[in-house]
Amino acid sequence: MQRSLSSKLIISAVATLLIISALAFAALMAVFHWSPETFLRHEQHENMDRLIEGLRFGPDGKFSGVVIMPRTKIAYDALRSDDIYRILDDQGIVLASSDGVKIPFAPQNERFTLPVAPETNFVLTNSGVALHVLTKIAMHGQQKYYVQMGRSERLQQALLGFNSTSFGAAATITVLIAMLVFVAVVWLGCNRALRPLRNASEGASRIELNNLNARLPTEEMPKELLPLIDAFNNALDRLEVGYRVQQEFLATVAHELKTPLALIRGELELGGLADRQLLLKDVDRMARQVHQLLHLAEVSDRKNFLFEEIDVAIVVSDAVEHLKRLADRVGIRVDMILPVEILLLHADGSALFVLVKNLLENALYHSPKGSNILVTLGAGQLSVRDNGSGIAAADLPFIFKRFWRGPDRRDSGAGLGLAICNEIALAHDWNLSVQHDDSAGAAFIVTF
């Protein structure tokens with residue numbers, strides 16, 4: 001079953017969130033299990049920082065008291081022997097304490113000495129219970145104070161058990177809520193982001209042969225999908241052009257075949273008075289047109305080409321030899337200049353033969369009797385030059401257009417020869433161009 005893109009994104013995002021949450025949860029629980037003192041130290045430091053922030057001083061800069069949050073004060077009052085703080089001046093005299101004792105904490109069996117380090121830790125025994133003491137230096141202007149906080153071992157164990165249980169429950173609830181919120185946000189975001197793509201899909205479903213001018217919208221389309229939409233629209237442009245060309249081609253073919261068919265019908269309706277030679281001429285003209293149409297249809301599809309290594313000089317010589325009888329009949333000499341070296345080309349030999357033959361036929365039908373045509377094959381290009389009346393500048397845009405015939409053409413062709421040559425050149429990625437002169441002939445050049 002095919003899943004939607006939005007569901008795939010949501011599933012992958014939720015899976016990623018679950019993996020990250022599980023790893024984070026496992027890491028925290030591992031710390032709780034193997035290094036619980038890390039959390040206890042962190043919590044003790046936080047309480048110490050809040051206590052230092054609560055220190056108050058009079059206008060003379062002397063210590064005047066400490067402000068403690070009500071809930072924290074209740075804890076100090078209830079746990080007088082388990083959670084204790086003491087505030088000392090720079091002489092080590094206790095200025096305030098939570099248990100009312102005026103003696104500073106000192107290491108076991110030692111006298112209190114003013115600490116030099118900003119922070120010190122030690123453990124002592126108080127009434128048979130181990131007490132973890134943290135001492136920090138607090139500055140007020142130039143005056144130095146010492147803040148001590150002691151926490152019993154049993155209180156730490158109780159906090160650790162409570163914190164691990166509450167942390168596990170809180171983490172589980174937090175992950176569940178985060179997943180729900182995350183899924184909702186991703187789902188809404190995906191729907192919003194994919195809305196232009198759905199609109200484009202609906203637009204594509206409405207495109208038909210009679211509606212090829214429609215294009216997919218690109219407004220609000222994600223930047224990552226724009227190349228795909230543009231490529232699809234460009235493909236539609238090419239499809240529309242091809243469809244229009246085919247429609248025009250069919251209409252032109254119908255028009256081209258309608259005239260000779262009408263003439264043949266007229267000749268046949270004359271009965272015994274029909275001119276047999278004229279009838280055969282019309283049939284030959286139609287046969288030539290159909291033959292060229294088949295050629296054009298074949299070369300318009302690249303799948304019909306068979307590419308292999310060929311000797312271009314042999315193909316050109318065969319094409320010239322093939323048209324020798326026609327050249328003799330119209331009184332035109334065909335000269336060839338071929339390279340000494342073998343010129344190999346990866347191409348379709350039959351298609352190249354048709355291309356050279358059509359160019360030669362075109363030159364023969366536009367050259368005056370007694371003139372010559374020069375076929376030159378060199379490194380990278382082939383040219384067929386005639387000595388006809390040339391090509392007018394106004395006719396250049398129509399040279400390779402299907403069914404277009406020059407005004408001075410002597411034969412009755414369909415006007416497809418050069419169009420076929422152009423299709424063959426395009427299929428081989430060759431360049432077919434023409435060098436023209438209004439009165440001194442033309443040269444058709446194929447650049448391989």
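Residues numbered from 1 in each chain as written. Predicted model: local features only at pLDDT ≥ 70, side-chain atom pairs only at ≥ 80, totals over all residues. Heavy atoms only, no water.

Asks: Where do I start with the overall build of the protein in this structure?
Replies: Along the backbone of the protein there are 10 helices and 14 strands. Within the protein, the fraction of its 448 residues that count as buried is 36%. Within the protein, counting contacts between residues at least 6 apart in sequence, those at least 24 apart form 60% of the total. As displayed, the protein has an accessible area near 26,500 Å², and 60% of this comes from carbon and sulfur atoms. (Helix = DSSP H or I, 4+ residues; strand = E, 2+ residues; numbered from the N terminus. Buried < 20%, exposed > 50% of the residue type's maximum accessible area, 1.4 Å probe, protein only. Contact = heavy atoms within 4.5 Å. Areas by Shrake-Rupley, 256 points an atom, 1.4 Å probe, with all protein chains shown as cover.)

Asks: In this structure, what is going on with the packing of helix H9 (residues 349-366) against helix H10 (residues 417-427)? I would like to understand it.
Replies: Packed helices, taken two at a time, are described by the angle their axes make and the gap between the axes. Contact pair H9 / H10: the axes reach a minimum separation of 9 Å and the direction vectors enclose 145°. Crossing hand, H9 versus H10: left-handed. Residues Ala351, Val354, Leu355, Asn358, Leu359 and Asn362 of H9 lie in contact with H10, whose contacting residues are Gly417, Leu418, Ile420, Cys421, Ile424 and Ala425. Of the residues contributing to the contact of H9 with H10, the split by class is 9 nonpolar, 3 polar and no charged. (Axes fitted to C-alpha atoms, helices over the stretch in contact; angles between N-to-C directions. Left-handed = near helix turned anticlockwise from the far one by under 90°. Nonpolar A, V, L, I, M, F, W, Y, C, P; charged D, E, K, R; others polar.)

Asks: Sorry if this is basic, but what is going on with the nonpolar core here?
Replies: A general feature of soluble globular proteins is that nonpolar side chains tend to end up buried together. Core analysis: the biggest nonpolar cluster contains 44 residues, and Val316, Leu355, Val356, Leu359, Leu360 and Trp430 have the highest contact counts within it. Mapped onto this core, the elements with two or more residues apiece are helix H7 (312-322), helix H8 (324-330), strand E10 (344-347), H9, strand E11 (372-378), strand E12 (381-385), H10 and strand E14 (442-447). Among the elements that take part in this core, H9 stands out by supplying 10 residues, more than any other. Once you skip the residues sitting within four places of it in the chain, Leu360 turns out to touch Ala319, Val320, Leu323, Val334, Ile373, Val375 and Val384. In this structure, Phe63, Ala96, Tyr145 and Val147 belong to the second largest nonpolar core, which totals 13 residues. (Core = buried A, V, L, I, M, F, W, Y, C linked by side-chain atoms within 4.5 Å.)

Asks: I'm lost on H7 in this one. Help?
Replies: Helical geometry note: an α-helix holds 3.6 residues per turn, so side chains three or four residues apart project in the same direction. Where H7 is concerned, the buried positions are Val312, Ala313, Val315, Val316, Ala319 and Val320. An end-on view of H7 places all buried positions within 165° of arc, on one side of the element. Exposed residues on H7 whose side chains face more than 90 degrees from its buried face are Glu321 and His322. (Arc of directions from axis to C-beta.)

Asks: I would appreciate a short explanation of the environment of Met69 in the present structure.
Replies: Take Met69: it is sitting in the loop between strand E2 (63-66) and helix H3 (70-78). What makes Met69 partly exposed here is its relative accessible area of 46%. The spatial distance from the C-alpha of Met69 to the C-alpha of Arg50 is 9.3 Å, given a sequence separation of 19 residues.

Asks: Whenever I open this one, the side chain of Asp99 confuses me. Can you help?
Replies: By the element assignment, Asp99 lies in the loop between strand E4 (94-97) and strand E5 (119-126). Residue classification places Asp99 among the buried residues on the basis of a relative accessible area of 15%.

Asks: Please explain the pattern of salt bridges as it appears in this structure.
Replies: Scanning all chains against the criterion turns up 6 salt bridges. A salt bridge links Asp49 to Lys136, with the nearest nitrogen and oxygen atoms 3.1 Å apart. Of this pair, Asp49 sits in helix H2 (residues 37-53) while Lys136 sits in strand E6 (residues 129-140), and the two are 87 residues apart along the sequence. Asp49 gets classed as partly exposed once you look at its relative accessible area, which sits at 34%. The residue Glu361 makes a salt bridge to Lys357 at a minimum N-O spacing of 3.7 Å. Here the residue Glu361 and the residue Lys357 both occupy positions in helix H9, the gap between them amounting to 4 residues, near one helical turn. Grouping residues by exposure puts Glu361 and Lys357 together as buried. (Salt bridge = Lys/Arg side-chain N within 4 Å of Asp/Glu carboxyl O.)

Asks: What am I meant to see in the sheet that holds E14 here?
Replies: Sheet strands line up and pair through hydrogen bonds in the backbone, either parallel or antiparallel. A sheet is described by the order of its strands in space; here 5 strands give the open sequence E9-E11-E12-E14-E13, paired in mixed fashion. At either margin of the open sheet sits one strand with a lone partner, and together these are strand E9 (333-337) and strand E13 (431-436). Between one strand and the next, the sheet's axes are offset by a mean angle of 15°, whatever the strand orientation. When E13 meets E14, the two strands line up antiparallel, connected through 6 bridges. Each residue of the ladder has a partner; that of His436, found in E14, is Ala442. (Pairing = 2+ DSSP bridges.)

Asks: So what exactly am I meant to see when it comes to unusual backbone geometry here?
Replies: A positive phi angle is found at Asn109, which is not glycine, with a value near 65°. Among the structural elements, Asn109 can be located in the loop between E4 and E5. With a relative accessible area of 78%, Asn109 lands in the exposed category. A positive phi angle, close to 60°, is found at Asp429, a residue other than glycine. Structurally, Asp429 can be placed in the loop between H10 and E13.

Asks: Please explain the packing of aromatic side chains as it appears in this structure.
Replies: Any two aromatic rings considered together are summarised by their centre-to-centre distance and by the angle between their planes. Taken as a whole, this structure holds 6 aromatic pairs when the rule is applied. On the numbers, 5.0 Å between centres and 70° between planes, the contact of Tyr76 with Tyr85 is edge-to-face. Each member of the pair, Tyr76 together with Tyr85, is buried. Between Trp430 and Phe448, the ring centres sit 5.0 Å apart and the planes meet at 70°, which makes this aromatic pair edge-to-face. (Phe/Tyr/Trp six-rings, centres within 6.5 Å; stacked < 30°, edge-to-face > 60°.)

Asks: Whenever I open this one, the sheet that holds strand E7 (residues 143-152) confuses me. Can you help?
Replies: Pairing is antiparallel across the open sheet formed by 5 strands, whose spatial order is E4-E3-E7-E6-E5. Each having just a single partner strand, E4 and E5 make up the two edges of the open sheet. Recorded for the sheet is a direction-independent mean angle of 25° between the axes of neighbouring strands. Pairing of strand E3 (residues 83-88) with E4 involves 3 bridges; the strand directions are antiparallel. Looking across to E4, one finds that Leu88 is bridged to Val94.

Asks: Quick question: what am I supposed to make of the environment of Ala130 here?
Replies: Structurally, Ala130 can be placed in strand E6. In this structure, the C-alpha to C-alpha distance between Ala130 and Gly150, residues 20 residues apart in sequence, is 9.7 Å.

Asks: What's the story with the environment of Leu345 in this structure? I'm lost.
Replies: With respect to the helices and strands, Leu345 occurs in strand E10. Separated by 37 residues in sequence, Leu345 and Glu308 place their C-alpha atoms 7.8 Å apart. Not counting chain neighbours up to four residues away, the residues in contact with Leu345 comprise Glu308, Glu309, Ile310, Val312, Trp430 and Phe448.

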